[in-house]
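# Observations on the three-dimensional arrangement
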Amino acid sequence: MYTKLMNVGILSGIVLLFAACKNEGDDLGDENDSGVITTVSEIDYDFDVPATYVFTRDSETTVSFGGQSDRLYMGKEILGFFDVNTTKTAENVKSAFNHSENGNDFDDANLNESSKKIQNKVASSNDLNDAVFAAESQNLFISYIDKFFAEIVPSKDVVASKGVAGYVGEKPRYVNSKGMEYNQLFNKGLIGALVVDQVLNNYLGDVRVGNEEYIADNTNETLLEGENYTTYEHHFDEAYGYVYGAADNPIAPVAKGDDKFLFTYITQVNGMSAFSGIQDQIFSAFKIGRAAVVAQDYDVLEDAIEVLQYQISKVVAVRAVYYLEAGKNNLAAQEYESAFHGLSEAYGFIYSLQFTRNPNTGEAYLSISEVEALLSKLDAGDGFWDLTDGTVLDEISNTIADKFDFTVAEAAE
Amino acid sequence: MKKIFYCLLMVLALGSCKGGSSVADCMPDSFDRSALLTNWADNIIIPSYTLYVDELTSLQTAKDVFIETPNEQNLVLLRTEWLEAYIVWQNVSIYEIGKAENIRLRDYTNTFNVPHVKDEPETDKLTGEFVEENISSGSYDLTLSTQLRSQGFPALDYLLNGLGDTDAEILLKYTSDENAAKYTLYLDDVSNRLLSMGAEVMTDWNNGYRNTFITNDCNASTSSLNKLTNDLIFNLEKATRSAQIGTPIGYLGEPVVIPEKVQAFYKQDVSKVLLIASLTASKNLFNGKHLNSDTVGESLKSYLDELQITAVGNDLSIVLDTYYEEAISEAQKLDENFYEGISQVDIEKYRDIRESIHLIIEVLKTNMISALDIKADYSDSDGD
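Residues numbered from 1 in each chain as written. Chains lettered and ligands numbered in written order. Predicted model: local features only at pLDDT ≥ 70, side-chain atom pairs only at ≥ 80, totals over all residues.

### Observations concerning the overall build of chain B
In terms of helices and strands, chain B carries 15 helices and 2 strands. Relative to a compact globule of 384 residues, whose C-alpha radius of gyration would be 21 Å, chain B shows 22 Å and is just as compact. The principal-axis extent of the C-alpha atoms belonging to chain B is close to 75 × 50 × 40 Å. The buried share of chain B, taken over its 384 residues, is 47%. Contacts in chain B between residues at least 24 apart in sequence constitute 74% of all its contacts with a sequence separation of at least 6. (Helix = DSSP H or I, 4+ residues; strand = E, 2+ residues; numbered from the N terminus. Rg over C-alpha atoms; globule rule 2.2 N^0.38 Å. Buried ≥ 20, exposed ≤ 12 C-beta atoms within 10 Å, placed from the backbone. Contact = placed C-beta atoms within 7 Å.)

Right, here's the structure in full:
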């Protein structure tokens, strides 16, 4: 693991090269299977890890993730703009999604002044390194905004039915002609395309973590100009910020606070009996990883990252299955309002699975095409209206759970 | 993307198994890089320099005629030659390699703005101010790097279009103005230097650099393919996207819209023509399209096709060509006169064209160069 981290570009290429020469067609992931660790208790380290996410140099903090908090708060406001009685236009909401500094997009003036934006971070991680895919993914989220204004707002007083957009139930929920809520697709989709991708495939990804220049600067404690941190420290904090940047008390996060994205669902999965403790696994892995950066112990850092890959990916998968199964039960009971709401969330979480990262393979637990295949089952025909017998939903749940080490029953609790 | 990565490694692995040679083999894959370099050199780069120097020679002649007889007809003719050379320059701007890199041809030929920096008023000064300073002091050395903003096409833009509101007023500066001799001398100096720099680079290509360029086809970061591909990306990012659009609309940093920072501010109605020329030159180099011909040869496009590189299920070469097409057709919808357009309240379409160009750059920088195993030789901040 150490060489992989240090020389991820060249050395792993050479290793693969020899492997390919010796034994063509061998599974490239095999040799990693035994070495991967998934819980913090398996990490051996010989440095102090603080109780809270507080790290200092000369008594001044070295932690900074303001840009990540900004984006989480921007996301929260944008979700609020998916309102059938809004005075905003699709253009206003798209402008907020693609915010530019001093643009008057948000209610929170601090966000208007921010130079950060969500759009260009969607599916844009260094490890994915695919600008065509990024552009297509960004366009998908833009299309949710457009479709909300084109399909949902005009039919807000129509009773939804098979093939007809409108409202469902008492609350009510506003759905498209297939029973889907665009705000849920947007919200839960961004958990993967923004948060998980930025955390696992960007800031904790091979390109950044394996960057020899950053490692050397960290080892020499060469600080970023005008800052109290090394680039390496800062990148780790930016990963942390995408998870906890909008939580109550981000240095010791327990309650979700203003978070609408990943952390909210970490707390929810943590409340399920089969997954109790996952919140502490993730928080502790972040603390250990950050302390490892300070201690320049890059083996431990790699271990902590593996735990984060495993645990964070699992949160997304558990929620996908949870909502699929809840949707199935609600459909059986003809509770369409709850069913469509839950299935919309499931749709977003399934979409998000393509941004997860399996520490055994370095790839997503479900590939882009596997995710597409699952989503097309939900999209087919009249969408959620056609899923009442539950077989398709169980099928999808099983496919997902099979990729992980939990059962559908555990996630459906 | 990962798949492409592994495919590439497999390609590398197979190559090394077969030949038993090192990773830094001159033929890293099945594509003939020297054929690409030959096509670029013989059908795009050298013809571009030849045409460019032709245009500058015509400009030179028109300048001499104008200095001899400074009248309106000769001013109009000189201006026409200036624009024709400026359009061809948009091609040459890309090839910052060899002698051009050595003498900083791009910087000395077309530095018409720098991005706004807060509390640094120098960053917002216009070409005309630099030119006037030189003319009034009467002592200047255009070969100094402190003089980048007082020469080249932007200085000629000022001298031919910016000295007065009408042609009659401009002519006065070369005839009855107390500094008429100085204006005339400056016009002479700037034109001469433009031609001599262009000719120097062309001569170098014709006297041996072509072979150096073509034979340097190994897979090192200093190889011609690596360097010129980086030049293509750098030019599209800095000379096209940032200088022509981003900086005038104050896209980065402190958002200050300064429409005077457009390319050809003094002429005003040619910024769009120049932008389209710049985008088209970039597209043609990518596609391997011969200068002023419909023939297409080996290029980055055919290289991507040879390796069967795809993105989101489509051929990457086609995706890129489409992105170029879209940016060009979007550019065609802009105002002829960027200065007026950007002075309007609604600069949304300028932001849009910037995004379209940015998308091409992103795809070149990520999908393409990783697929072709080319290393980016520069990076910029990622804005986080």
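### Quick word on the overall build of chain A
Scanning chain A from N- to C-terminus turns up 17 helices and 4 strands. For chain A, whose C-alpha radius of gyration is 22 Å, the value lies close to the compact-globule estimate of 22 Å for 413 residues. Projecting the C-alpha coordinates of chain A onto the three principal axes gives extents of approximately 65 × 55 × 40 Å. Classification of the 413 residues of chain A by burial places 50% in the buried group. In chain A, the share of contacts with a sequence separation of at least 24, taken over all contacts with a separation of at least 6, comes to 67%.

### Structural notes on the environment of Asn216 of chain B
Residues and elements named next belong to chain B. With respect to the helices and strands, Asn216 occurs in the loop between α9 (180-215) and α10 (224-246). On the basis of neighbour counts, which here come to 19 C-beta atoms within 10 Å, the residue Asn216 falls in the partly exposed class. Sequence-wise, Asn216 and Gly250 are 34 residues apart; in three dimensions their C-alpha atoms are separated by 40 Å. Excluding anything up to four places from it in sequence, Asn216 contacts Ser223 and Ser224.

### Description of helix α12 (residues 278-295) of chain A
All names here are of chain A. Taking 1.5 Å of rise per residue, the 18 residues of α12 would be expected to cover 26 Å, and the 25 Å separating its terminal C-alpha atoms lies within 8% of that figure. With 15 of 18 residues buried, α12 lies mostly within the body of the structure. Two residues or fewer past α12, Gln296 is found with a positive phi of approximately 60 degrees. (Expected span 1.5 Å × (residues − 1).)

### Focus: the packing of helix α11 (residues 262-270) of chain A against α12 of chain A
All names here are of chain A. Relative to each other, α11 and α12 sit at 135 degrees, their axes nearing to 7 Å. Compared by their axis directions, α11 and α12 come out oblique. On the side of α11, the interface is formed by Ile266, Thr267, Val269 and Asn270, while α12 contributes Ile278, Gln279 and Ile282. Taken together, the residues of the contact of α11 with α12 sort by class into 4 nonpolar, 3 polar and no charged. (Axes fitted to C-alpha atoms, helices over the stretch in contact; angles between N-to-C directions. Parallel < 35°, antiparallel > 145°, perpendicular 65-115°, else oblique. Nonpolar A, V, L, I, M, F, W, Y, C, P; charged D, E, K, R; others polar.)

### A look at the nonpolar core
Ala320 of chain A together with Leu159 of chain B are the most contacted members of the largest nonpolar core, which has 221 residues in total. Examining the composition of this core, we find that 20 residues originate from one element, helix α13 (residues 298-332) of chain A, more than from any other. Those residues in contact with Ala320 of chain A, other than ones at most four positions away along the chain, are Ala346, Phe349, Ile350, Leu353 and Ile400 of chain A. (Core = buried A, V, L, I, M, F, W, Y, C linked by C-beta atoms within 7 Å.)

### Brief notes about helix α3 (residues 72-92) of chain B
The α-helix winds at 3.6 residues per turn, so residues separated by three or four positions along the chain end up facing the same way. Residue and element names in this part refer to chain B. With 21 residues, α3 should cover 30 Å at 1.5 Å per step; its first-to-last C-alpha distance of 30 Å lies within 8% of that length. Taken as a whole, α3 has its buried residues at Leu78, Arg79, Glu81, Trp82, Leu83, Ala85, Tyr86, Val88, Trp89, Gln90, Asn91 and Val92. Summarising the contacts, the buried residues of α3 are in contact with α2 (33-68), α5 (105-110), α7 (152-162) and α11 (271-287).

### A few points about the confidence of the model for chain B
Any segment with low pLDDT has predicted coordinates that should not be analysed in fine detail. Residue and element names in this part refer to chain B. Mean pLDDT for chain B: 90, with 90% of residues reaching 70 or above. Note that pLDDT drops below 50 for residues 1-24; the model gives that stretch 32 contacts with residues more than four away or on any other chain. Among the scores for the predicted complex, ipTM is 0.82 and pTM is 0.87. (pLDDT = per-residue confidence, 0-100.)

### Some details on the confidence of the model for chain A
Averaged over every residue, the pLDDT of chain A is 92; residues scoring 70 or more account for 92%. Note that pLDDT drops below 50 for residues 1-33 of chain A; the model gives that stretch 34 contacts with residues more than four away or on any other chain.

### Section: unusual backbone geometry
Residue and element names in this part refer to chain A. Residue Pro172 is reached from Lys171 by a cis peptide bond, and omega for that bond is -20 degrees. By the element assignment, Pro172 lies in the loop between β3 (166-168) and β4 (173-175). With a phi angle near 50 degrees, Asn249 is a residue other than glycine that sits in the positive phi range. Positionally, Asn249 belongs in the loop between α10 (231-244) and α11. Given 12 C-beta atoms within a 10 Å radius, Asn249 is considered exposed.

### A look at the packing of α10 of chain B against helix α15 (residues 348-371) of chain B
Residue and element names in this part refer to chain B. The geometry of α10 relative to α15 is characterised by a closest axis approach of 10 Å and an angle of 165 degrees between their N-to-C directions. Between α10 and α15, the interaxial angle falls into the category roughly antiparallel. Taken as a pair, α10 and α15 cross one another with a handedness that is left-handed. Taken together, the residues of α15 that come into contact with α10 (itself represented by Thr229, Ile233, Leu236, Glu237, Thr240, Arg241, Ile245 and Gly246) are Tyr350, Ile353, Arg354, Ile357, His358, Ile360, Ile361, Leu364, Lys365 and Ile369. In terms of residue class, the contact of α10 with α15 is built from 10 nonpolar, 4 polar and 4 charged. (Left-handed = near helix turned anticlockwise from the far one by under 90°.)

### Focus: the environment of Ile94 of chain B
Residue and element names in this part refer to chain B. One can find Ile94 in the loop between α3 and α4 (99-102). Sequence spacing of Ile94 and Phe234 is 140 residues, and the spatial spacing of their C-alpha atoms is 8.1 Å. If we skip the residues at most four places from it in the chain, Ile94 touches Asp231, Leu232, Asn235, Ala281, Ser282 and Leu285.

### Quick look at the environment of Leu252 of chain B
Residue and element names in this part refer to chain B. With respect to the helices, strands and loops of the structure, Leu252 is situated in the loop between α10 and α11. With 158 residues separating them in the primary sequence, Leu252 and Ile94 have C-alpha atoms 23 Å apart. Discounting residues that sit within four places of it in the chain, Leu252 has contacts with Pro115 and Gly246.

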